[in-house]
Amino acid sequence: MQDDLIQKYNIPGPRYTSYPTVPYWDHDSIDPGKWQQTVERAFSESNASEGISLYIHLPFCESLCTFCGCHKRITKRHDVEGPYIDALLNEWDSYRRLFSAMPRIKELHLGGGTPTFFSPDNLHRLIDGILQHSTLAEGSELGLEAHPNSTTREHLTTLYDLGFRRCSFGVQDYDPLVQKAINRIQPFERVRLVTDGAREIGYQSISHDLVFGLPHQTLGNVIDTINKTNELLPDRLAFYSYAHVPWIKGTGQRGFSEADLPRDEAKRALYEAGKKLFSELGYMEIGMDHFALKTDSLYQSMENKTLHRNFMGYTASKTHLMIGLGMSAIGDSWYAFAQNEKTVPEYEARANRGELPVFRGHLLTDEDRLIRQHILNIMCHFETSWDNPEMQFAELDQSLRKLEEMKADGLVRLEGDKLVVPEPARPFVRNICMAFDLRLMRNAPETRIFSMTI
Ligand SMILES: C[S@@+](CC[C@H](N)C(=O)[O-])C[C@H]1O[C@@H](n2cnc3c(N)ncnc32)[C@H](O)[C@@H]1O
Ligand code: SF4
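Overview of the structure. (Residues numbered from 1 in each chain as written. Chains lettered and ligands numbered in written order. Predicted model: local features only at pLDDT ≥ 70, side-chain atom pairs only at ≥ 80, totals over all residues. Heavy atoms only, no water.)

### Brief notes about the site of ligand 2
Filter applied, for reference: One heavy atom within 4 Å of a molecule or strand is enough for the residue carrying it to be called near that molecule or strand. Amino acids outside the nonpolar list (Ala, Val, Leu, Ile, Met, Phe, Trp, Tyr, Cys, Pro) and the charged list (Asp, Glu, Lys, Arg) are all regarded as polar, and Gly is one of them.
The environment of ligand 2 is made up of Cys61, Cys65, Phe67, Cys68, Gly113, Thr114, His147 and Arg184. Looking at the shell around ligand 2 residue by residue, the classes come out as 4 nonpolar, 3 polar and 1 charged.

Quick look at the structure:
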């Protein structure tokens with residue numbers, strides 16, 4: 001892509017794990033009672049056919065990686081584990097009481113923070129407690145995020161025996177200077193040990209998270225990291241653009257200076273080099289930021305058009321109800337979003353009182369759900385259409401004017417009432433979604449709230 005287009009389109013923009021995006025939620029539209037009603041409705045509409053998803057947030061990490069944008073709590077005290085699991089099981093009990101039948105779990109994801117901060121015994125108690133009162137839907141996928149440095153063979157076997165078959169390891173970059181700047185020393189041999197171990201145990205889909213745009217990162221580092229990654233042949237790869245958001249993350253992202261960060265064309269070159277190499281190595285691009293081997297379920301779901309995107313990122317199948325358990329976890333009932341309390345003590349206190357520990361959320365309007373569908377179509381399938389009147393909305397003309405400009409820049413093809421994102425323009429997919437984002441168009445942010453799109 002030309003440098004002038006990168007300059008023009010590298011602007012702050014959402015990553016669209018939800019629509020409306022979190023800063024545009026109308027908190028007055030919802031309270032725990034309304035959230036509960038939408039959960040009951042979504043459950044009864046979808047449990048028997050597609051099942052439900054469960055995201056469980058395990059927020060603790062032993063040390064702070066100074067690039068991290070996740071919701072985490074840094075502590076070396078492992079006595080936090082037991083009370084936190086008690087609260088998660090209490091929260092799950094509160095949800096179970098709302099369900100009219102036994103929940104069928106299609107997808108269960110342990111995210112963080114660092115799920116492998118918890119001992120295998122505690123993870124066993126958690127999953128056992130959840131599965132005691134639910135069944136696994138056909139083709140269910142259970143997965144976890146794991147930090148290679150804290151993952152033991154016992155973690156992996158314990159979760160495998162409970163049904164886990166997917167595991168994603170945080171890798172980021174193998175260069176010692178980059179690792180020092182992000183305070184995350186993690187040798188290749190350690191990643192090899194856990195990746196090979198997971199495979200021996202029987203995990204079917206192993207993923208590595210890589211990040212481009214990190215402090216001191218050069219083209220050579222990215223190529224070397226990808227070549228090392230290829231030796232371990234993970235089934236999936238996430239290749240995230242470093243989101244530099246120090247205004248949200250405070251001192252957490254200040255372990256280096258802004259001048260150490262590759263920017264604009266230099267950052268884009270890291271992505272382009274990575275993408276080219278992945279393709280040469282046999283990885284297929286999936287939506288935004290993700291690559292997978294053709295044998296992996298994520299690739300197959302893209303081919304079958306069942307690929308979905310939610311707060312967990314890309315998923316192989318769509319469920320209308322996703323329950324988020326744990327501090328700061330976000331649930332999605334298709335009709336509403338709800339986020340839990342953001343501190344551990346507040347979360348635990350409310351969950352242990354038998355409340356749904358929701359502190360904010362958003363009730364989607366009919367228009368929100370329509371725009372959400374367009375944005376999902378673009379993020380998952382790189383196309384959307386409005387030939388059906390049900391897919392048209394009030395400010396379509398305004399969106400089309402923006403799309404015409406993008407067409408002139410080669411970012412989209414317009415074929416009648418259909419938009420297609422051509423292959424070379426995929427890095428601009430966030431910008432293209434912004435042309436449909438009515439809430440952003442009506443009320444542009446006055447201060448910086450999103451990371452840069454490129
Ligand atoms: C919750 S972490 C992964 C699990 C585990 N805590 C670990 O670090 O290995 C999820 C992933 O988010 C990505 N990530 C975190 N902060 C990011 C940022 N500021 N920009 C882009 N990606 C980020 C990293 O690739 C990280 O592996
Ligand atoms: S990258 Fe992972 S281990 Fe590091 S602080 Fe973030 S969540 Fe914790």
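### Examining unusual backbone geometry
Where we set the bar: Secondary structure elements are defined from DSSP: runs of H or I of at least 4 residues count as helices, runs of E of at least 2 residues count as strands, and each element is numbered from the N terminus.
Residue Pro20 is bonded to the preceding Tyr19 through a cis peptide linkage, with omega at -5 degrees. Considering the arrangement of structural elements, one finds Pro20 in the loop between α1 (3-9) and α2 (32-46). The linkage connecting Gly112 with the following residue, Gly113, adopts the cis geometry, with an omega of 20 degrees. At Asp289, a residue that is not glycine, the phi angle is positive and equals roughly 75 degrees. The residue Asp289 is located in the loop between β9 (284-286) and β10 (290-292) in this model.

### Some thoughts on the pairing of strand β5 (residues 135-146)
For a regular strand, the rule is simple: side chains alternate between the two faces of the sheet. To keep things clear, this is the line we draw: Being paired, for any two strands, means DSSP has found at least two bridges between them. If the strands point away from the viewer and the path from the first strand over the helix to the second runs clockwise, then the crossover is right-handed.
Of the pairings in the sheet, the one linking strand β4 (residues 104-112) to β5 comprises 6 bridges and is parallel in character. Note on β5: the bridge partner recorded for His109 is Gly143. Traced from β4 through helix α4 (residues 120-131) to β5, the parallel crossover comes out right-handed. In this sheet, strand β6 (residues 166-172) lies alongside β5 in parallel orientation, the contact comprising 4 bridges. What sits directly across from Leu144, in β6, is Cys167.

### Regarding the site of ligand 1
Filter applied, for reference: Counting of polar contacts relies on pairs of N or O atoms within 3.5 Å, with two restrictions inside protein: one atom must be capable of donating a hydrogen and the other of accepting it, and residues adjacent in sequence are counted only when both atoms are side-chain atoms. Using a 1.4 Å probe, accessible areas were evaluated by the Shrake-Rupley method; residue-level cover was limited to the displayed protein chains.
What surrounds ligand 1 is a group of 20 residues, the closest being Phe67, Gln172, Arg184, Asp209 and Ala243. Between Gly69 and ligand 1, the recorded distance is 2.9 Å, taken from a backbone N or O atom to a nitrogen atom. Separating a nitrogen atom of ligand 1 from a backbone N or O atom of Gly113 is a distance of 2.9 Å. Alone, ligand 1 offers 570 Å² of accessible surface; in the complex the protein occludes 89% of this. Within the residue set of the shell around ligand 1, elements represented by two or more residues are β5, β6, β7 (205-212) and β8 (236-241). Looking at the shell around ligand 1, its residues break down into 8 nonpolar, 9 polar and 3 charged.

### Here's the deal with the packing of helix α3 (residues 81-96) against α4
Stated formally: Convention adopted: a line fitted to C-alpha atoms gives each axis, helices being fitted over their contacting stretch, and angles between N-to-C directions are expressed from 0 to 180 degrees. Orientation is classified from the angle alone, with under 35 degrees giving roughly parallel, over 145 giving roughly antiparallel, 65 to 115 giving roughly perpendicular, and any other angle giving oblique. Working rule for contacts: check all heavy atoms of both residues, and any pair within 4.5 Å makes them a contact.
Packing of α3 against α4 leaves a shortest axis separation of 10 Å and a crossing angle of 10 degrees. Here α3 is positioned roughly parallel relative to α4, judged by the angle of their axes. Packed against α3, whose contacting residues are Glu81, Gly82, Ile85, Asp86, Leu88, Leu89 and Trp92, the element α4 presents Asn122, Arg125, Leu126, Gly129 and Ile130 at the interface. Within the contact of α3 with α4, the residues separate by chemical class into 6 nonpolar, 3 polar and 3 charged.

### A few points about the environment of Ile378
Positionally, Ile378 belongs in helix α13 (residues 366-381). Put simply, Ile378 and Asp196 are 182 residues apart on the chain and 35 Å apart in space, counted from C-alpha to C-alpha. With sequence-adjacent residues up to four places away left out, Ile378 is seen in contact with Glu383, Thr384, Leu419, Val421, Val429, Ile432, Cys433 and Phe436.

### Side note on the packing of aromatic side chains
Our working definition: Here is the rule: rings of Phe, Tyr and Trp (six-membered ring for Trp) pair when centre to centre is within 6.5 Å. Planes less than 30 degrees apart are stacked, more than 60 are edge-to-face, and the remainder are tilted. For each residue, the accessible area found with a 1.4 Å probe, counting protein chains only, is set against the maximum for its type, and the residue is called buried under 20%, exposed over 50%, and partly exposed in between. Cation placement over rings: the criterion is NZ of Lys or CZ of Arg within 6 Å of the ring centroid and within 35° of the ring normal.
Taken as a whole, this structure holds 22 aromatic pairs when the rule is applied. With 5.9 Å between their ring centres and 45 degrees between their planes, Phe60 and Phe118 make a pair best called tilted. Of this pair, Phe60 sits in strand β2 (residues 60-61) while Phe118 sits in the loop between β4 and α4; the two residues are 58 residues apart in sequence, bridging distant segments of the chain. Take Phe118: its relative accessible area is 0%, and that puts it in the buried class. Centroid distance Tyr84 to Phe118: 6.2 Å. Interplanar angle 45 degrees. Geometry classified as tilted. Note that Tyr84 is positioned in helix α3 and Phe118 in the loop between β4 and α4, a separation of 34 residues in sequence. The class for Tyr84 is buried, based on a relative accessible area of 0%. Three or more aromatic residues joined by ring pairs make a cluster, and in this case those are Phe212, Phe239, Tyr271, Phe278, Tyr283 and Phe291. The positively charged end of Arg165 is found above the aromatic ring belonging to Tyr160, 3.7 Å away from the centroid. The ring of Tyr314 has Arg309 lying over it, and the distance from NZ or CZ to the ring centre is 4.8 Å.

### A few points about the packing of α4 against helix α5 (residues 153-161)
Where we set the bar: In a left-handed crossing the near helix is turned counterclockwise from the far helix by less than a right angle, and in a right-handed crossing that turn is clockwise.
Look at α4 against α5: their axes get within 9 Å of each other, and the N-to-C directions meet at 15 degrees. Accordingly, the angle class assigned to the pair α4 and α5 is roughly parallel. The handedness of the crossing between α4 and α5 comes out as right-handed. From α4, Pro120, Leu123, His124 and Ile127 reach across to α5, where they touch Glu154, His155, Thr158 and Leu159. In terms of residue class, the contact of α4 with α5 is made up of 4 nonpolar, 3 polar and 1 charged.

### Re α4
What counts, and what does not: One less than the residue count of a helix, multiplied by 1.5 Å, gives the span that helix is expected to have.
Counted at 1.5 Å a residue, the expected span for α4 with its 12 residues is 16 Å, and the 16 Å between its end C-alpha atoms agrees. Within α4, the full set of buried residues consists of Pro120, Asn122, Leu123, Leu126, Ile127, Gly129, Ile130 and Leu131. Along its buried surface, α4 packs onto β1 (52-58), α3, β4, β5, α5 and β13 (322-325).

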